[in-house]
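Residue strings, one per chain:
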Amino acid sequence: MKRLILVLFVGVLSSPVFARLSDSDPQNFFLLLGQGALAAKVKIEKTHPPQAGQPFYLHELKVEEVVAGAQSLDSIKVMEEASSPGLPTVFPQTGDFFACFARLPNYTSYREILRQGYEYRLLGGKNGIFLGPNALRVAKKYFNADAAARFRILLDVLGDTDSRLANDAAAALAETGRRDWTAEDVAKILAAQDKPLLQDAAKLALVKTLENSANAAGIAGLQRIAEQETGVAQWAAIRALEKLGRPRSLPQLVEDFRRAPDAEKPQALALIAIRQDAAEFFSGVLAGPFSFEIKKSAIQNLALRKIPAYEDLLLDLLAQNDAALQSEAVLALGRMGSVRAVPKIIPLLDNSPPQVRAAAFFMLSESRDPRARQAVGQRFEHGEHGILEKHH
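Residues numbered from 1 in each chain as written. Predicted model: local features only at pLDDT ≥ 70, side-chain atom pairs only at ≥ 80, totals over all residues. Heavy atoms only, no water.

Some details on the overall build of the chain
In terms of helices and strands, the chain carries 19 helices and eight strands. Summarising its shape, the C-alpha atoms of the chain cover approximately 90 × 70 × 30 Å along the three principal directions. By residue count, 46% of the 392 residues in the chain fall in the buried class. Long-range pairs, those at least 24 residues apart, make up 61% of the contacts in the chain between residues at least 6 apart in sequence. Between the mean site of the 47 positive side-chain charges and the mean site of the 45 negative ones, the chain shows a separation of 2 Å. (Helix = DSSP H or I, 4+ residues; strand = E, 2+ residues; numbered from the N terminus. Buried < 20%, exposed > 50% of the residue type's maximum accessible area, 1.4 Å probe, protein only. Contact = heavy atoms within 4.5 Å. Lys, Arg positive; Asp, Glu negative; His and termini not counted. Charge placed at Lys NZ, Arg CZ, Asp CG, Glu CD.)

With respect to the nonpolar core
Grouped together as the largest cluster of nonpolar side chains are 101 residues, with contacts concentrated most on Phe-29, Phe-30, Phe-98, Leu-158, Phe-282, Ile-345 and Leu-364. Val-63, Phe-97, Phe-101 and Ile-129 belong to the second-largest nonpolar core, a separate cluster that totals 16 residues. (Core = buried A, V, L, I, M, F, W, Y, C linked by side-chain atoms within 4.5 Å.)

Focus on helix α6 (residues 163–174)
Spanning twelve residues, α6 covers 17 Å between terminal C-alpha atoms, matching the ideal 16 Å at 1.5 Å per step. The set of residues buried in α6 consists of Leu-165, Ala-166, Asn-167, Asp-168, Ala-169, Ala-170, Ala-172, Leu-173 and Ala-174. Contacts made by the buried residues of α6 are with α2 (29–35), α4 (133–143), α5 (147–157) and α8 (200–213). A side-chain oxygen of the first residue of α6 lies 3.0 Å from the backbone nitrogen of Arg-164; this N-cap is Asp-162. (Expected span 1.5 Å × (residues − 1). Polar contact = N/O pair within 3.5 Å; in protein donor to acceptor, adjacent residues only side chain to side chain.)

Some details on the environment of Val-339
Relative to the helices and strands, Val-339 resides in the loop between α16 (323–336) and α17 (342–345). Look at Val-339 and you get exposed, because its relative accessible area is 51%. Spatially, the C-alpha atoms of Val-339 and Asp-369 are 7.1 Å apart, while their sequence positions differ by 30 residues.

Concerning the packing of α5 against helix α7 (residues 183–193)
Close contact between α5 and α7 brings their axes to 9 Å; oriented N to C, the two are set at 35°. Packed against α5, whose contacting residues are Arg-152, Leu-155 and Asp-156, the element α7 presents Asp-185, Lys-188 and Ile-189 at the interface. Tallied by class, the residues present in the contact of α5 with α7 amount to two nonpolar, no polar and four charged. (Axes fitted to C-alpha atoms, helices over the stretch in contact; angles between N-to-C directions. Nonpolar A, V, L, I, M, F, W, Y, C, P; charged D, E, K, R; others polar.)

A closer look at the pattern of salt bridges
Within this structure, the stated rule accounts for 19 salt bridges. For Arg-152, the salt bridge identified is with Asp-185, shortest N-O distance 2.3 Å. Note that Arg-152 is positioned in helix α5 and Asp-185 in helix α7, a separation of 33 residues in sequence. For Asp-256, the salt bridge is made with Arg-248, and the minimal N-O distance between the two is 2.9 Å. Per residue, the accessibility class of Asp-256 equals that of Arg-248, and both read buried. Where salt bridges share partners, they join Glu-227, Arg-248, Asp-256 and Arg-259 into one cluster. (Salt bridge = Lys/Arg side-chain N within 4 Å of Asp/Glu carboxyl O.)

Things to note about the pairing of strand β3 (residues 75–81)
In terms of burial, β3 is largely enclosed, as five of its seven residues are buried. Both strand β2 (residues 56–68) and β3 contribute to a ladder of seven bridges, which runs antiparallel. Residue pairing across strands places Phe-56 opposite Glu-81, the latter belonging to β3. Counted between consecutive antiparallel strands, the loop separating β2 from β3 contains six residues, among which Gly-69 sits at a positive phi close to 115°. Where β3 meets strand β5 (residues 120–122), two bridges bridge the pair, whose relative direction is parallel. Opposite Met-79, over in β5, you have Arg-121 as the bridge partner. (Pairing = 2+ DSSP bridges.)

A look at the packing of helix α10 (residues 232–243) against helix α11 (residues 250–259)
Where α10 contacts α11, the two axes come as close as 12 Å, and the packing angle between them is 165°. What the angle tells us is that α10 and α11 run roughly antiparallel. The chirality of how α10 crosses α11 is left-handed. Contacts between α10 and α11 involve Gln-234, Trp-235 and Ile-238 on the former and, on the latter, Leu-253, Asp-256 and Arg-259. Considering only residue class, the contact of α10 with α11 consists of three nonpolar, one polar and two charged. (Parallel < 35°, antiparallel > 145°, perpendicular 65-115°, else oblique. Left-handed = near helix turned anticlockwise from the far one by under 90°.)

So, the confidence of the model for the chain
Averaged over every residue, the pLDDT of the chain is 87; the share at 70 or more is 91%. Considering only residues more than four positions removed or in separate chains, one finds that residues 1–17, a stretch of pLDDT under 50, has zero contacts. (pLDDT = per-residue confidence, 0-100.)

Looking at the packing of aromatic side chains
Per the counting criterion, the structure on display carries twelve aromatic pairs. Both rings, one in Phe-56 and one in Tyr-110, keep their centres 6.1 Å apart while their planes meet at 65°; by these two values the pair is edge-to-face. Residue Phe-56 is found in strand β2, and its partner Tyr-110 is found in the loop between β4 (96–103) and α3 (111–115); the two are separated by 54 residues along the sequence. Given a relative accessible area of 7%, Phe-56 falls into the buried group. Judged by its relative accessible area of 8%, Tyr-110 is buried. A ring pair is formed by Phe-257 and Phe-281, whose centres lie 5.2 Å apart and whose planes are at 90°; its orientation type is edge-to-face. On the criterion of sequence distance, the pair formed by Phe-257 in helix α11 and Phe-281 in helix α13 (residues 279–287) is long-range, its members being 24 residues apart. (Phe/Tyr/Trp six-rings, centres within 6.5 Å; stacked < 30°, edge-to-face > 60°.)

Below, the structure written as structure tokens:
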């Protein structure tokens, strides 16, 4: 067995590791446009599969239209790195497509193909291929625009029917820094938020874009998202408003909690727990018909705030018949550093369900209260192998 393990280990060490140039390339369409040495509409003329020991394809492409780079090119030779050995090419074998290309570096491993005229490599790997007419149309407008016009183009592309372009435009907008939004600008962002084409990451990027502005139009946009959207965008907007000094009222947050699906209710609980006057709400959650996971989230959020009314709620839970909630309350009081809890938790070391006893032991062991240390010392000792055993 030892010999087999050694052989397997040596095999792992000796396995080839492929470092690809495209690993450090941007993946966003608009960033690819800015970094490519050539951006063009092209078509495959011939593809050469990898030879033995070569982790790349070689392509001969017909150039149909150049957007940026040498305008006189009729054809180019391109190296495409395989994402892993044995996988097929990412280049479409029929029809035209848009792509950005970078110069192939003069590395030793590329000297032979450079000598054969392969001067370019695909920029962005598999994410650098764009099918359909929209990418070419947007690229031509974007390249011919100044900085202000490019910003407007990004806003317009949010409504594009090409989901890749729309998502990449949202990410690019979040990187543009602070801008003074107009109501028309915000309307385009809000319209994009409602589109099913937009992924969660893009929706978060648009919230960040509005937060960056911090002007009246941007704040109004955030408030609309907080009121009418659901999911990650809503909670990101609420947090952005908190940072901008426009927190939602407790009744508003309670309504957000009410209409949120169960998976998102912890987001509302975290925001509500910040308030000083939310004890009555949390009391209703802990006594209400909610799942254990939601109640557990409520308890954990209470523990993060050293508010006397929150401590009272957790102390009341110690008398619960529900062992799972009882143990969560014990641990929460420990995280809160509650001194009042110590004399109520000490009796839980005796004649309680195992998970409650374990939580009580952990809480008291971590407490700096001398009463807690004394209680643990009276009941447990180090046995063999460092295991704590109860005194007999």
